[in-house]
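# Geometric and topological summary
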Amino acid sequence: MAGLKFQAERAAFGLAADKVLKYMNKTDDRTKALLKLVDLTENFAKDRFQPGSYEAARKMIQDPDNKWVQYLNRLFDEVDPHVLKTTALNLGFDAMLYGTKLMHESREKYQCNIPWLILMDPTSACNLKCTGCWAAEYGHLLNLSFEDMDRVITQGKELGIYLYMLTGGEPLVRKKDVIRLCEKHNDCVFHAFTNGTLVDEEFCQEMQRVGNLSLSISLEGYEEVNDGRRGKGVYQKVMHAMDLLKTYGLIFGTSICYTRANIDTVTSDKFLDMIIEKGCRYAWYFHYMPVGNDAALDLLPTKEQREYMYHRIREIRGLTGGKQLFAFDFQNDGEFVGGCIAGGRNYFHINANGDAEPCVFIHYSSANIKEVSVLDALRQPLFMAYHNNQPFNNNHLRPCPMLENPEKLQQMVHETGAKSTDLQSPETVEHLCGKCEHYAKEWKTKADELWGER
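Rules behind the numbers
Residues numbered from 1 in each chain as written. Predicted model: local features only at pLDDT ≥ 70, side-chain atom pairs only at ≥ 80, totals over all residues. Heavy atoms only, no water. Helix = DSSP H or I, 4+ residues; strand = E, 2+ residues; numbered from the N terminus. Contact = heavy atoms within 4.5 Å. Buried < 20%, exposed > 50% of the residue type's maximum accessible area, 1.4 Å probe, protein only. Core = buried A, V, L, I, M, F, W, Y, C linked by side-chain atoms within 4.5 Å. Domains from an automatic or database assignment. Buried area = accessible area lost by both parts, 1.4 Å probe. Salt bridge = Lys/Arg side-chain N within 4 Å of Asp/Glu carboxyl O. Polar contact = N/O pair within 3.5 Å; in protein donor to acceptor, adjacent residues only side chain to side chain. Arc of directions from axis to C-beta. Pairing = 2+ DSSP bridges.

### Re the side chain of Gln380
Along the chain, Gln380 falls in the loop between α15 (374–378) and α16 (381–389). Contacts of Gln380, omitting those with residues within four sequence positions, involve Ala356, Ser365, Ser366 and Ala367.

Take a look at the structure:
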């Protein structure tokens with residue numbers, strides 16, 4: 001009975017999405033169709049959003065000068081209709097509405113963290129070796145089989161997880177298996193973090209066909225800086241990949257690691273205008289993490305740069321003077337997600353060896369998905385320690401148990417007996433967290449000041 005209700009509600013969302021796309025060039029009809037989507041969402045989600053959220057959404061949709069309405073209109077004008085509809089259904093309905101409801105029920109039933117998304121590494125192999133990339137610590141010999149990934153997704157959907165992100169290594173080394181996963185699990189959303197160099201016309205055609213795969217392309221600045229970290233010629237290959245993706249009407253954005261050296265460039269108006277013109281819809285900003293025995297500590301942003309980033313990310317998103325780009329900074333936006341989202345709270349990471357790690361930057365585990373179920377991996381001692389300790393303090397501008405609360409990660413690893421999952425150069429938790437102690441102390445003063453001002 002529940003399955004029939006789900007199919008009926010999903011079909012109603014599909015019809016509403018069809019109407020939006022049908023009247024793509026008729027602004028008034030498009031507005032009416034979007035308002036219908038809000039009505040359907042309110043009917044299904046009810047009190048899972050703030051009471052005023054639905055009315056605020058209706059008001060925004062009817063304001064043609066609103067930045068986010070203009071953003072939506074650009075999506076309708078530039079993205080392939082099949083990709084748009086599939087994204088609306090899989091991300092909007094399956095993941096955000098139906099999946100979230102089931103996820104919360106699973107959390108209550110199993111009394112552990114159940115995430116909204118799972119991050120997987122199809123392979124540790126990569127055609128590049130970039131400075132500061134956690135994947136470089138794993139080596140190039142590990143892979144998750146198609147069957148491994150298929151099993152994770154099948155079990156994940158039973159818990160309410162409909163969003164799967166792929167990292168590596170370079171996930172597009174496994175293009176064919178990625179597309180197979182998109183085909184088999186056509187009710188899920190897939191998102192790959194890629195260096196962009198393996199994006200070609202054939203792959204764009206396949207992405208357009210399946211409709212449920214989007215990309216985040218790594219970019220750390222303009223040609224000289226980007227190629228300095230990633231290798232000569234990579235920047236031009238990325239620009240070409242973006243042009244192809246835009247031509248085929250696909251959804252993509254950037255994944256940007258900001259460091260002491262590039263923070264001004266990757267947040268500048270000029271840089272942001274460039275990636276928007278290229279067709280980017282979003283920008284994920286990641287704070288540089290000193291992971292690995294040979295990590296470069298001089299790339300850690302200064303206290304002043306971190307404060308600048310806190311303010312700048314809010315300017316970029318601003319309704320006035322901001323950019324038509326969804327930008328999110330995982331370190332400085334902790335206030336919107338309740339602090340640390342790792343350890344299965346909102347996501348966890350499965351490396352190419354199958355180890356279930358709390359975070360892409362924290363390589364410790366006591367469970368492997370080749371040996372246990374997804375649910376059992378979420379109930380491993382280290383993840384339960386995350387569950388019992390989150391948030392790691394009351395200031396969500398200091399969310400991470402490694403970078404900003406290094407004593408917390410050390411405590412959890414020691415108490416649970418979790419082991420390093422780095423098969424090439426294992427790093428002790430004392431060594432990893434020791435590199436963060438000075439940074440954490442410096443940032444705490446400013447973070448507490450900013451949090452108090454809120």
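### Concerning the environment of Pro301
Inspection of the secondary structure assignment puts Pro301 in the loop between β6 (282–287) and α13 (303–317). On the basis of relative accessible area, Pro301 is assigned to the buried category, the value being 2%. Each C-alpha atom of the pair Pro301 and Ile263 lies 8.0 Å from the other, and the pair is 38 residues apart in sequence. Ignoring any residue separated from it by four or fewer positions in sequence, one finds Pro301 in contact with Tyr258, Thr259, Arg260, His287 and Tyr439.

### A short note on the nonpolar core
The biggest cluster of nonpolar side chains holds 140 residues, and the ones touching the most others in it are Met120, Leu213, Tyr285 and Leu409. Counting residues domain by domain, this core receives three or more from each of domain 1 (4–93) and domain 2 (95–453). When sequence neighbours within four positions are dropped, the list of residues in contact with Leu213 reads Val178, Ile179, Cys182, Phe190, His191, Ala192, Phe203 and Met207.

### What about the domain arrangement of the chain?
The assigned domain composition of the chain is domain 1 (4–93) and domain 2 (95–453). For domain 1 and domain 2, the distance between their C-alpha centroids amounts to 27 Å. On the side of domain 2, 33 residues touch domain 1, which itself brings 26 residues to the contact. Overall, the association of domain 1 and domain 2 removes approximately 2600 Å² of surface from exposure, summing both partners, and the carbon and sulfur fraction of that is 58%. At the surface where domain 1 touches domain 2, the tally comes to one salt bridge. Our count for the contact surface shared by domain 1 and domain 2 stands at 17 residue pairs in polar contact (both at pLDDT 80 or more).

### Remarks on the side chain of Asp333
In this fold, Asp333 is placed in the loop between β7 (326–329) and α14 (334–337). Not counting the four nearest positions on each side in its chain, Asp333 is found in contact with Ile313, Arg314, Arg317, Ala327 and Phe328.

### With respect to α16
All buried positions along α16 are accounted for by Leu382, Phe383, Ala385 and Tyr386. Looking straight down α16, one finds that the buried residues subtend no more than 155° of arc, so they occupy a single side. Lining the buried residues of α16 we find β8 (347–350), β9 (356–357), β10 (364–365), α15 and α17 (406–416).

### Digging into the pairing of strand β1 (residues 117–120)
Side chains Leu117 and Leu119 project from β1 onto one buried face, and the interleaved Ile118 and Met120 project onto a second face that is buried too. Across four bridges, the pairing between β1 and strand β2 (residues 163–166) is parallel. The residue of β2 that forms the bridge with Met120 is Leu166. Sheet analysis places β1 next to β8, joined by four bridges and oriented parallel. Within β8, the residue paired with Leu119 across the bridge is His349.

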